[in-house]
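If you want the building blocks of each chain, they are given just below.
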Amino acid sequence: MTKILFVCLGNICRSPMAEFVFKDMVKKRGIEKEFYIESAGTSSEEVGNPVHYGTRKKLQQVGISVDGKYARKITKEDYNKFDYIIGMEEHNISSILRIVGNDIEGKVSRLLDYSNNPRDIADPWYTHNFDITYEDIVEGCEFLLRKLGY
Ligand code: 4NP
């Protein structure tokens, strides 16, 4: 089983979107039993809060529910628990490393580093555009699945 933790700053916009998009992709391919997928934030700011309305609404449009997800913060223990710890942007990566310590097993990466056009995921907190973030995340998740051999 491959264990993946998607990470952003607050765990209310981007990383829950990646979590539920990736869960939907593996379910549609009938390979959900091969994966354990979660998301977390690097900040305590939104801990316990539900998924942001923009992410919730965008995923609703494509038939994906985020019910039951509440923001949590990444912990040092997550480094041992997960095989892949995937940030949304460069800044997340340094925040993740501050929390988990040195990435001695090479588990930490940025989602769109798996794509043909490595870049940060567009941050809807600033763009207010959840459509572009969704497209970025789908692109990243598709390339990630391919890297994992699916
Ligand atoms: P997320 O979005 O990191 O994609 O969940 C944000 C959530 C909260 C803040 C910024 C981005 N904030 O500044 O509180």
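What you are looking at is a predicted structure, and each value in this text was computed from that prediction instead of being measured.

All residues in the neighbourhood of the ligand are listed as Cys8, Leu9, Gly10, Asn11, Ile12, Cys13, Arg14, Glu45, Glu46 and Trp125. Note that an oxygen atom of the ligand is positioned 2.7 Å from one of the side-chain N or O atoms of Arg14. The fraction of the free accessible surface of the ligand (360 Å²) that becomes covered by protein chains is 89%. Here the ligand occupies the largest pocket. Taken together, the residues of the shell around the ligand sort by class into 5 nonpolar, 2 polar and 3 charged.

Positionally, Glu38 belongs in strand β2 (residues 35-41). On the accessibility criterion, Glu38 (15% relative accessible area) is buried. Within the structure, Glu38 has its side chain in polar contact with the side chain of Tyr36 (distance 2.5 Å). Only 3.0 Å separates the side chain of Glu38 from the side chain of Arg72, close enough to count as a polar contact.

Oppositely charged side chains are able to pair whenever their charged atoms sit close together. Applying the stated rule across the entire model yields 14 salt bridges. A salt bridge links Asp123 to Arg14; the nearest nitrogen and oxygen atoms lie 3.5 Å apart. You can see Asp123 sitting in the loop between β4 (108-110) and α5 (124-127) and its partner Arg14 sitting in helix α1 (residues 14-28), a full 109 residues away along the chain. No difference in accessibility class separates Asp123 from Arg14, as the two residues are buried. In this structure, Arg72 and Glu38 form a salt bridge, with 3.0 Å as the shortest nitrogen-oxygen distance. Remark: Glu38 occurs in strand β2 and Arg72 occurs in the loop between α2 (53-61) and α3 (78-81); sequence separation between them is 34 residues. A cluster of three or more residues bridged by salt bridges with shared partners is formed by Glu38, Arg72, Asp78 and Lys81.

Definitions and limits used
Residues numbered from 1 in each chain as written. Predicted model: local features only at pLDDT ≥ 70, side-chain atom pairs only at ≥ 80, totals over all residues. Heavy atoms only, no water. Near = heavy atom within 4 Å. Polar contact = N/O pair within 3.5 Å; in protein donor to acceptor, adjacent residues only side chain to side chain. Areas by Shrake-Rupley, 256 points an atom, 1.4 Å probe, with all protein chains shown as cover. 1 Å grid on protein atoms, 1.4 Å probe; cavity = no way out; pocket = protein on both sides within 12 Å on 5 of 7 lines; lining within 4 Å. Sits in = over half its atoms within 2 Å of the grid points. Nonpolar A, V, L, I, M, F, W, Y, C, P; charged D, E, K, R; others polar. Helix = DSSP H or I, 4+ residues; strand = E, 2+ residues; numbered from the N terminus. Buried < 20%, exposed > 50% of the residue type's maximum accessible area, 1.4 Å probe, protein only. Salt bridge = Lys/Arg side-chain N within 4 Å of Asp/Glu carboxyl O.

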